[in-house]
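Geometric and topological summary
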Amino acid sequence: MNTAKTLNIGMIGLDTSHAPAFAELLNDPKHPYHIPGAQVTVAYPGGSPDFELSYSRVEGFTAKLRDSLGVEIVGTIEEVAERCDAILLLSVDGRVHLEQLKKTAAFNKPVFIDKPFAVSSADAEAMARIVEEQGIPLMSCSSVRYAQGLSEAIADEEKGRIIGVDCYGPMELQPTQPGLFWYGIHTVDMLYAAMGRGCKEVTAFTNEDYDEVVGAWEDGRIGTIRGNRKGNRTFGALVHREQASRFVDVYAHPKPYYASMLEAVLEMFRTGSAPIDMKETLEVIRFIEAANESRRTGSAVQL
């Protein structure tokens, strides 16, 4: 792909606040965190009729992109894929991502899939096979993974290697996105950004208001996530190193974490090199799946 040209970006799924947020970053030169070199030019609204947080928001976000940001709205996923250089697949319902990816794959365009990548390991593995067979660059993650405070804490190795991480954040539940797939994925992605792959066992503790999920890594390290449905509704983490522990304030920097994430996405679109290994993305989905099983059974679950 020509790295000098302005990329035409296609959006699939206008049922999330990420759609106008990303389009503003790319299309509005006056945005304080404007990202040059790409424009959202075409979009397909989508929407899931059995998911209130999807169908209730499509119309408003579609109007915003069309009327305020100059994006052409089309009637099929295939039209988007045909008329763009790269794809932001943003549909808020993780259940539809496999079928939507199947429709775009034949066009061989690089794609970012917003969280959750999938809501089962079976779907996630099927999606990984598709992009591997087609040779399509793909990344998927929560934008909180790219919070500047977290990135700085992970990069600062002065106090030795990371021996564990404790993450926390809001953890609302939605019946169509099982257990942690709806909001728990944010803290799981933070955990994996710091710890990397290698979790072997997950144990979850849950009640109506809170969740605590403990992951045991193969090398002996332990990472946790705490999810709040009551009280504290902010994201944060403690990164434990051999010589010190560091608090991560994801709100300490004015730059939105979704802007930092989108910069990484555009770099992948231009270079074809995904910054997150697909094996890690698959393990994130399996971690959540195991945590959901442990929430139901009260027992430790092997990954």
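What counts, and at which threshold
- Residues numbered from 1 in each chain as written.
- Predicted model: local features only at pLDDT ≥ 70, side-chain atom pairs only at ≥ 80, totals over all residues.
- Heavy atoms only, no water.
- UniProt positions renumbered as here; feature names shortened; annotations may be inferred.
- Helix = DSSP H or I, 4+ residues; strand = E, 2+ residues; numbered from the N terminus.
- Contact = heavy atoms within 4.5 Å.
- Pairing = 2+ DSSP bridges.
- Expected span 1.5 Å × (residues − 1).
- Buried < 20%, exposed > 50% of the residue type's maximum accessible area, 1.4 Å probe, protein only.
- Phe/Tyr/Trp six-rings, centres within 6.5 Å; stacked < 30°, edge-to-face > 60°.
- Lys NZ or Arg CZ within 6 Å of the ring centre and 35° of its normal.

The protein is annotated in an unreviewed UniProt entry as Gfo/Idh/MocA family protein of Paenibacillus vulneris. On record in UniProt, under Sequence similarities (unreviewed entry), the comment for the protein is "Belongs to the Gfo/Idh/MocA family."

With respect to the environment of methionine 278
Here methionine 278 is to be found in helix H10 (residues 278–297). Spatially, the C-alpha atom of methionine 278 lies 19 Å from that of glutamate 263, the residues being 15 residues apart in sequence. Leave out the neighbours within four places in its chain, and methionine 278 touches Phe117, Ala128, Val131 and Leu138.

Some details on the sheet that holds strand S5 (residues 111–114)
With parallel pairing, the six strands of this open sheet are ordered in space as S3-S2-S1-S4-S5-S6. Two strands lie at the open edges of the sheet, namely strand S3 (72–73) and strand S6 (138–141), each paired on one side alone. Here strand S1 (residues 7–12) pairs with strand S4 (residues 86–89) via four bridges, running parallel. Looking across to S4, one finds that isoleucine 9 is bridged to alanine 86.

Overview of the UniProt feature "domain: Gfo/Idh/MocA-like oxidoreductase N-terminal" (unreviewed entry) in the protein
With numbering aligned to this structure, UniProt lists the feature "domain: Gfo/Idh/MocA-like oxidoreductase N-terminal" (unreviewed entry) at residues 59–138. As annotated, residues 59–138 comprises 49% helix and 14% strand, and the C-alpha atoms at either end are separated by 28 Å.

Examining helix H6 (residues 121–134)
With 14 residues, H6 should reach 20 Å at 1.5 Å per residue; the first-to-last C-alpha distance of 20 Å fits that figure. Among the residues of H6, Ser121, Ala124, Ala126, Met127, Ala128, Ile130 and Val131 are the ones counted as buried. On its buried side, H6 packs onto helix H5 (97–105), S5, S6 and H10. Residue glycine 135 follows H6 closely and has a positive phi angle near 70 degrees.

Brief notes about helix H1 (residues 18–27)
With nine of ten residues buried, H1 lies mostly within the body of the structure. Among the residues making up H1, those that are buried are His18, Ala19, Pro20, Ala21, Phe22, Ala23, Leu25, Leu26 and Asn27.

Here's the deal with the packing of aromatic side chains
Applying the stated rule across the entire model yields seven aromatic pairs. Between phenylalanine 51 and tryptophan 182 the ring centres are 5.4 Å apart and the planes differ by 70 degrees, which places this aromatic pair in the edge-to-face class. Of this pair, phenylalanine 51 sits in the loop between strand S2 (38–44) and helix H2 (52–55) while tryptophan 182 sits in the loop between strand S7 (162–170) and helix H8 (184–195), and the two are 131 residues apart along the sequence. Residue phenylalanine 51 shares its accessibility class with tryptophan 182, and that shared class is buried. The interplanar angle of 50 degrees and the centroid separation of 6.5 Å between the aromatic rings of tryptophan 182 and tyrosine 183 together place this pair among those described as tilted. Grouping aromatic residues by their ring pairs yields a cluster made of Phe51, Trp182, Tyr183 and Phe235. The ring of tryptophan 182 has lysine 115 lying over it, and the distance from NZ or CZ to the ring centre is 4.6 Å.

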